[in-house]
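Single-letter residue listing:
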Amino acid sequence: MTTVDENPAALARPGEAAYEAATRVFNLFAPVAPAAAVTARTVEEIRTAITRAHAAGLGVRVHATGHAAATARPMDEALLIRTELDEPVTVDPHRRTARIPAGTRWGAVVAEAARHGLAAPHGSSPTVGVVGYLLGGGLSMYARHTGLAVNSVRAIEIVTADGDLRRVAADDDPELFWALRAGGGGLGVVTAVEVALFPVAGVVTGAAFWSAAHAAELLPVWRAWTERAPREATTSIRVMNLPKLPEVPEVLSAGPVLCLDGVVVATGADDLGTARRQADDLLAPLRAVADPLMDTWHEAGPTAVPETHMDPPEPVPVLGDHLLLGDIGDDGVAAFLRATVDRPRSALTVAELRQLGGALAEAPDGSGALGHLDARFAYSGAGVPGFGGTEEEILAHCAEVRAALGPWDTGRTTPTFVASLTQPQGHLTPEAVLAADRVRARVDPDGLFRGDIAPGCSAV
């Protein structure tokens, strides 16, 4: 049996408090159980952990917040390094960049960037770790304006299997830089990223909720708007079956609701009036169908955006599914409604269609393994066992929605939305998989990080 060094200050084992702290995950339905674990707060601690893993014959796995735990391979013969580097976020307002240490959550980046009139391509939750989100592609709240968040990465600091700390960029090991950007992982321990920021004078953001009884009228209106939507607007629409909890407004937990949320961004002061008109062009026809039960759309600064989607702030047990869809048209809308609204009881807490297109459809020069999404909508569905249904009921409902949307399924995925090991990543072409494997063979010839490769991202 593989054993680890006896020094508990460096590596913690099951049953120890340090082990429990290092193995925390956000999805409580997907706990991780490595042979040993360590929380690394400095680059030197990461190097030491890699050396000790080598000596013990253990593979190395990496996480920070544990949001992607449901897609992690088993870790029983591995050392898990939790990256929580004790360094601040630093913003260079002249270059419009931020250096972000591994372990940083998006909320800290948003706050620091906003002090300089800038914004970052963050996702829907302030508690998500920056590094995993970015290097998994990153579908931002500003995505139609900025493109995939990974395209904003300008440099990556990484400790590779040989213990070396490297700064990788387009002009310094371009092959490794390409593979690090959504190539599936398994390349080392990222310690920091440098990310391009963009100017924001203000946003119009929020969420409007209607009774799901109006969904058949509202959804086609929203879908038609997405065909002519400006790039400054990124939205999603969700069928929600919210539990009766103190933090959930009673008006939203009394029955299924349809929620439209999103962001319209104004990059300069002269653009604020345009942003207001663009938001009204979206919302006025929907409000004309029926008065919302609750409506929080408002003009604000970028620090308000991470709260718009109202993702859970604390860990929860979740089961879900994900598809990238083509142009669903009215038939696709009807199929989605039949599988989510027009049924006696839903096991899904949320069934979402997120608007794609705009800058998301374009890969900039020098992009990484994933530079764009060739799809019109991203579907994701999720259920919390015990709230809306059992594990079996949630999985069965996920399968029902998948079948209903099958005619529009592109067969591809976006990495950070994949919800389980049973649905491998589908964002890389076969040629890209082989290219990523070649880079891994060069920087990690002994396969120390092999278990950290996302399913579907390696041919080895």
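These notes cover the structure that comes with them. For clarity, every value in this text was computed on a predicted model and none was experimentally measured.

**A few points about the pairing of strand 12 (residues 233–240)**
Of all eight residues in strand 12, eight are buried; the element is thus mostly enclosed. Residues Ala233, Thr235, Ile237 and Val239 line one face of strand 12 and the alternating positions Thr234, Ser236, Arg238 and Met240 line the opposite face, and both faces are buried. In the sheet, strand 12 pairs with strand 13 (residues 257–266) via eight bridges, with the strands oriented antiparallel. Its bridge partner lying in strand 13, Met240 is registered against Val257. Alignment of strand 12 against strand 17 (residues 350–355), held across five bridges, turns out to be antiparallel. Of the residues in strand 17, the one forming a bridge with Val239 is Ala351.

**So, the sheet that holds strand 1 (residues 36–40)**
Strand order across the open sheet formed by three strands is 1-3-2, with parallel pairing between neighbours. In this open sheet, the two edge strands, each paired with only one partner strand, are strand 1 and strand 2 (59–63). The sheet shows a mean angle of 25° between the axes of neighbouring strands, taken without regard to direction. Of the strands in this sheet, strand 1, strand 2 and strand 3 (78–83) touch helix 2 (residues 43–56), which is tilted by about 175° from strand 3.

**Topic: empty space enclosed by the protein**
Overall, the coordinates contain one cavity of 30 Å³ or more when judged by the stated rule. Each pocket or cavity is described by its volume, and for the largest cavity that value is around 40 Å³. As for the largest cavity, its lining consists of Ser140, Met141, Thr234, Thr235, Ser236, Asp261, Gly262 and Arg354. At the level of secondary structure, the elements contributing two or more residues to the lining of the largest cavity comprise strand 12 and strand 13. Take the lining of the largest cavity: its biggest share by element is three residues, from strand 12. For the lining of the largest cavity, the residue count by class is one nonpolar, five polar and two charged.

**A closer look at unusual backbone geometry**
At Asp173, a position not held by glycine, the phi torsion is positive, near 60°. Summarising the element assignment, Asp173 is placed in the loop between strand 8 (165–169) and helix 6 (174–180).

**Notes on the sheet that holds strand 7 (residues 153–159)**
Judged by pairing direction, the sheet is antiparallel, and its five strands sit side by side in the order 4-5-9-7-8 without closing on themselves. A strand with exactly one partner marks an edge of an open sheet, and here the two such strands are strand 4 (90–92) and strand 8. Geometrically, the sheet is characterised by an average inter-axis angle of 15° between neighbouring strands, direction not taken into account. As defined by bridge partners, strand 7 adjoins strand 8 across five bridges and the pair is classed as antiparallel. From the neighbouring strand, Ile156 faces strand 8, where its bridge partner is Val168.

**Here we look at the layout of surface pockets**
Which parts of space are left empty comes out when a probe the size of a water molecule is rolled across the atoms. Its boundaries defined by the atoms lining it, the second largest pocket holds a volume of some 290 Å³. Contributing to the lining of the second largest pocket are 18 residues, with Leu319, Gly320, Leu395, Ser420 and Thr422 lying nearest its centre. If one sorts the elements of the lining of the second largest pocket by residue count, helix 11 (residues 391–404) sits on top with five residues. In terms of residue class, the lining of the second largest pocket is made up of ten nonpolar, five polar and three charged.

**Points about the packing of helix 7 (residues 215–226) against helix 10 (residues 329–340)**
Relative orientation of the contacting elements helix 7 and helix 10 amounts to 140°, with a least axis distance of 10 Å. Classified by the interaxial angle, the pair formed by helix 7 and helix 10 is oblique. Helix 7 and helix 10 meet at a crossing whose hand is right-handed. Residue-level inspection shows Ala215, Ala216, Leu219, Pro220 and Arg223 of helix 7 in contact with helix 10, the latter providing Gly329, Asp330, Val333, Phe336 and Leu337. For the contact of helix 7 with helix 10, the class distribution of residues is seven nonpolar, one polar and two charged.

**A look at the nonpolar core**
The biggest cluster of nonpolar side chains holds 52 residues, and the ones touching the most others in it are Leu79, Ile81, Leu134 and Val193. Considering each element in turn, this core owes the most residues, six residues, to helix 2. With sequence-adjacent residues up to four places away left out, Ile81 is seen in contact with Val38, Ala40, Ile46, Ala49, Ile50, Val60, Arg61, Val62, His63 and Val189. Ranked by size, the runner-up nonpolar core spans 44 residues in total, among them Ile237, Leu260, Ala339 and Val401.

**Quick notes on helix 3 (residues 106–114)**
For helix 3, the full list of buried residues reads Trp106, Val109, Val110 and Ala113. Relative to the axis of helix 3, the buried residues are bounded by an arc of 100° and lie together on one face. Looking at the buried residues of helix 3, the elements they touch are strand 4, strand 5 (97–101), strand 6 (118–119) and helix 4 (130–135).

**Here's the deal with the packing of helix 7 against helix 9 (residues 272–289)**
It is at 10 Å that the axes of helix 7 and helix 9 come closest, and there the two elements cross at 165°. When the interaxial angle is binned, helix 7 and helix 9 end up roughly antiparallel. Of the two possible hands of crossing, helix 7 and helix 9 adopt the one that is right-handed. In contact with Glu217, Leu218, Val221, Trp222 and Trp225 of helix 7, helix 9 contributes Asp281, Leu282, Pro285, Leu286 and Val289. Across the contact of helix 7 with helix 9, the residue classes break down as eight nonpolar, no polar and two charged.

Cut-offs and rules
Residues numbered from 1 in each chain as written. Predicted model: local features only at pLDDT ≥ 70, side-chain atom pairs only at ≥ 80, totals over all residues. Heavy atoms only, no water. Buried < 20%, exposed > 50% of the residue type's maximum accessible area, 1.4 Å probe, protein only. Helix = DSSP H or I, 4+ residues; strand = E, 2+ residues; numbered from the N terminus. Pairing = 2+ DSSP bridges. Axes fitted to C-alpha atoms, helices over the stretch in contact; angles between N-to-C directions. Contact = heavy atoms within 4.5 Å. 1 Å grid on protein atoms, 1.4 Å probe; cavity = no way out; pocket = protein on both sides within 12 Å on 5 of 7 lines; lining within 4 Å. Points joined across faces, edges and corners; volume = space filled by probe spheres on them. Nonpolar A, V, L, I, M, F, W, Y, C, P; charged D, E, K, R; others polar. Parallel < 35°, antiparallel > 145°, perpendicular 65-115°, else oblique. Left-handed = near helix turned anticlockwise from the far one by under 90°. Core = buried A, V, L, I, M, F, W, Y, C linked by side-chain atoms within 4.5 Å. Arc of directions from axis to C-beta.

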